[in-house]
Amino acid sequence: MGKSHFQSPRGTRDIVSPESDYIKFLVDTFAEHLSTAAYGQIVSPIFEDVGVFQRIGENTEIVSKEMFDFYDKDVKDPQHLALRPELTASICRAFAQHRPITPWKVWYSGPQFRYEKPQAGRYRQFLQVGAEVLGTSDPGADIEIISLAWAFFQRIGLRNTQLLINSLGDPESRNRYNDELAKYLDDRKQELSEQSIVTLKTNPLRVLDSKREKDQEVIDEAPVMESFLNEESAQHFKEVKDGLEVLGVPFKISPRLVRGLDYYTRTTFEFISPSLDTAQNAIGGGGRYDGLVEALGGPETEGIGFAVGIDRTLLACEAEKVVFDLDIGTDVFVVDTTGGREALLLSHELRQLAIKTDRSFGGRSMKGQMKAADRSGARYAIIIGTDELEENQVTLRDLRGEGQQTLVPRDMIGKNLLTILQEK
Ligand code: HAM
């Protein structure tokens, strides 16, 4: 086949069946999972005023370097917009705009856009599902959010998932830690990689995220946040850990887990799939962002949430050989050698009975249609030739096993098939 002139843009891909079926299954399962905990769905715009995302933090890479931004066409007053790189900022904007009753519990799913360097498991358009609770600092909300994310991974059949948690404290202790860390890293600057020296200037905490070999020793010996937590944050963190233990959610404390977004305060967490390549093995993450609604012009409102990367979750499922039990096949293939009218009528009739039915087009020969029936993976073929048409009958043929055939009265075939399929 020749190469077509246009390709999907770099970092994007066309997802087709069966992968698209698996993705739909994951999203549907997530929706059902979150509804059992009284979260309502929110569907917000895919683009927002760029300012919404700038509140995530100017030092956050997804904001400073990776935003797909553009101006609209208003000649007099063009608005600077951006495709969303994540959904938490949009949810906080929506909260500030509508001021719903708290706690406000929402879930979402949709594509996100980041101008990243694409590689396996890292795309410029990717799909997230996630949930947020706004309006409470109760550690119970942290526990609910983390355990819901954990239970989702369990529910879809992933067994090799690690939960890492940390507390970044309140903004005041976070700032003190930040200063102390900056001083420490600056003292050992000669030992750091070039990229980390650049990061150090703008965002010392992000140096801790470096996976580069050269930085590891300095990172391993760096001061940890936990010793900077004030009493209130330390108590909050303790209650979160205790709650997770009570629920039997296994976790590991990762004192240097900072995450890539600047809005986090107190609880932060990440889900890692060791089955994936280490560079892109985070399948989900989240945390508290107690100042974000205010930064977006809303009232002082605490918040916590998480997002799961569906593309990577699917890769983890593949790596762990998780089998999805999906009913996506075709039940019946209608083969009509009498001109196509019967195929038209019968497929319409069977589909109304919710029997998954396919047919061929273009007046193909009996042989061609039977080949198509085999390729469709359908369990049965219904054959209508001139004899059948004259007798007001159809031939029902089992496409598996011995290929048994029976003649069925035309007006009984729908009912018969329903019974047969229900028995399977
Ligand atoms: P995040 O860690 O940036 O957090 O993204 C969450 C998940 O999205 C990641 O763990 C990963 O699985 C997936 N992901 C991120 N970037 C890519 C990419 N380029 N390609 C494929 N998958 C990707 C957030 O977005 C926060 N909004 C989470 C949150 C919710 N925090 C509080 N509430």
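Here, the structure is the one placed above.
### As for the packing of helix α5 (residues 139–155) against helix α10 (residues 231–247)
Two elements in contact, α5 and α10, have axes whose closest approach is 9 Å; the angle formed by their N-to-C orientations is 45°. Taken together, α5 and α10 sit at an angle that is classed as oblique. α10 is crossed by α5, and the crossing has right-handed handedness. From α5, Pro139, Asp142, Ile143, Ile146 and Ser147 reach across to α10, where they touch His236, Glu239, Val240, Gly243, Leu244 and Leu247.

### A short note on the site of the ligand
Not every one of the 27 residues close to the ligand is listed here, only the nearest: Glu86, Thr88, Glu116, Tyr264 and Ala282. Between a nitrogen atom of the ligand and a main-chain N or O atom of Gly305, the distance comes to 3.3 Å. Out of a free accessible area of 660 Å², the ligand has 95% covered by protein chains. Elements supplying a minimum of two residues to the shell around the ligand: β6 (125–134), β10 (282–288) and β11 (303–309). Per-class residue counts for the shell around the ligand are 11 nonpolar, nine polar and seven charged.

### Section: the packing of aromatic side chains
Summed over all chains, the structure comprises 14 aromatic pairs. Ring centres of Phe152 and Phe153 lie 5.8 Å apart, and the angle between their planes is 50°; on these two criteria the pair is classed as tilted. As far as burial versus exposure is concerned, Phe152 and Phe153 are alike and both buried. One cation-aromatic arrangement involves Arg13 over Tyr123; the distance from NZ or CZ to the ring centre is 4.3 Å. The lysine or arginine in question, Arg124, covers the ring of Tyr115, its NZ or CZ lying 3.9 Å from the ring centre.

### A few points about empty space enclosed by the protein
In the structure shown here, the tally under the stated rule is one cavity of 30 Å³ or more. For the largest cavity, the calculated volume is near 40 Å³. A breakdown of the residues in the lining of the largest cavity according to their chemical character gives four nonpolar, one polar and four charged.

### Considerations on the side chain of Ser196
Here Ser196 is to be found in helix α7 (residues 194–202). The residues contacting Ser196, other than those within four sequence positions of it, are Val207, Ser210, Arg212 and Asp215.

### As for a positive patch on the surface
Together, Arg364, Lys367, Lys371 and Arg375 make up a region of like positive charge exposed at the surface. By secondary structure assignment, the location of Lys371 is in helix α14 (residues 366–376).

### Here we look at the sheet that holds strand β16 (residues 405–409)
The sheet built from five strands is open, its strands ordered β13-β12-β14-β15-β16 with mixed pairing. Strand pairing shows two members of the sheet lacking a second neighbour, β13 (357–359) and β16, which therefore form its edges. Going across the sheet, the axis of each strand differs from the next one's by a mean of 30°, ignoring polarity. Relative to strand β14 (residues 380–384), strand β12 (residues 332–336) runs parallel, the two sharing five bridges.

### Regarding a nonpolar patch on the surface
Residues Ile46, Phe47 and Phe70 make up a contiguous nonpolar surface patch of about 250 Å² in total accessible area. For Phe70, a relative accessible area of 32% gives the class partly exposed.

### A look at the nonpolar core
Counting 88 residues, the largest nonpolar core has Tyr39, Phe269 and Phe271 as the members making the most contacts within it. Among the nonpolar cores identified, the runner-up in size contains 14 residues, and Ala343, Leu350, Tyr380 and Val408 belong to it.

### Focus on the pattern of salt bridges
With the rule as written, the count across this model stands at 25 salt bridges. Linking Asp311 and Arg13 is a salt bridge whose minimum nitrogen-to-oxygen distance equals 2.3 Å. Pair noted here: Asp311 is in helix α12 (residues 310–319) and Arg13 is in the segment before α1 (19–35), with a separation of 298 residues, a long-range link. Look at Asp311 and you get buried, because its relative accessible area is 7%. For Arg13, a relative accessible area of 28% gives the class partly exposed. Across the pair Arg122 and Glu116 runs a salt bridge whose closest N-O atoms are separated by 4.0 Å. Exposure class is identical for Arg122 and Glu116. Each is buried. What you see here is one network of salt bridges that share partners, running through Asp142, Arg266, Arg288 and Asp290.

### Observations concerning the environment of Leu168
Looking at the secondary structure, you find Leu168 in the loop between β7 (162–167) and α6 (171–187). Residues Leu168 and Asp69 lie 99 residues apart in sequence; the distance between their C-alpha atoms is 30 Å. Excluding residues that lie within four positions of it along the chain, Leu168 makes contacts with Arg174, Met225, Leu229, Leu257, Val258, Tyr264, Thr265, Arg266 and Thr268.

### A look at the layout of surface pockets
Counted as a void, the second largest pocket has a volume near 220 Å³. For the lining of the second largest pocket, the elements supplying multiple residues, two or more each, are α6 and α11 (292–295). Among the elements that make up the lining of the second largest pocket, the one with the highest residue count is α6 (three residues). Classifying every residue of the lining of the second largest pocket by side-chain character gives six nonpolar, three polar and three charged.

### Thoughts on the sheet that holds strand β9 (residues 265–272)
Ordered by their spatial adjacency, eight strands build an open sheet running β1-β5-β6-β11-β10-β9-β7-β8, and the pairing between neighbours is mixed. At either end of the open sheet lies a strand with only one pairing partner, and these are β1 (40–41) and β8 (252–253). Across six bridges, the pairing between β7 and β9 is antiparallel. Paired with Leu164 across the two strands is Glu270, which belongs to β9. Here α10 sits on the sheet in contact with β7, β8, β9 and β10, set at roughly 160° to β7.

Conventions we followed
- Residues numbered from 1 in each chain as written.
- Predicted model: local features only at pLDDT ≥ 70, side-chain atom pairs only at ≥ 80, totals over all residues.
- Heavy atoms only, no water.
- Axes fitted to C-alpha atoms, helices over the stretch in contact; angles between N-to-C directions.
- Helix = DSSP H or I, 4+ residues; strand = E, 2+ residues; numbered from the N terminus.
- Parallel < 35°, antiparallel > 145°, perpendicular 65-115°, else oblique.
- Left-handed = near helix turned anticlockwise from the far one by under 90°.
- Contact = heavy atoms within 4.5 Å.
- Near = heavy atom within 4 Å.
- Polar contact = N/O pair within 3.5 Å; in protein donor to acceptor, adjacent residues only side chain to side chain.
- Areas by Shrake-Rupley, 256 points an atom, 1.4 Å probe, with all protein chains shown as cover.
- Nonpolar A, V, L, I, M, F, W, Y, C, P; charged D, E, K, R; others polar.
- Phe/Tyr/Trp six-rings, centres within 6.5 Å; stacked < 30°, edge-to-face > 60°.
- Buried < 20%, exposed > 50% of the residue type's maximum accessible area, 1.4 Å probe, protein only.
- Lys NZ or Arg CZ within 6 Å of the ring centre and 35° of its normal.
- 1 Å grid on protein atoms, 1.4 Å probe; cavity = no way out; pocket = protein on both sides within 12 Å on 5 of 7 lines; lining within 4 Å.
- Points joined across faces, edges and corners; volume = space filled by probe spheres on them.
- Patch = residues over 30% accessible without salt bridge, like charges linked within 9 Å, V, L, I, M, F, W, Y side chains within 5 Å.
- Salt bridge = Lys/Arg side-chain N within 4 Å of Asp/Glu carboxyl O.
- Lys, Arg positive; Asp, Glu negative; His and termini not counted.
- Charge placed at Lys NZ, Arg CZ, Asp CG, Glu CD.
- Pairing = 2+ DSSP bridges.
- Core = buried A, V, L, I, M, F, W, Y, C linked by side-chain atoms within 4.5 Å.

As far as function goes, none of this settles anything; it's purely spatial.
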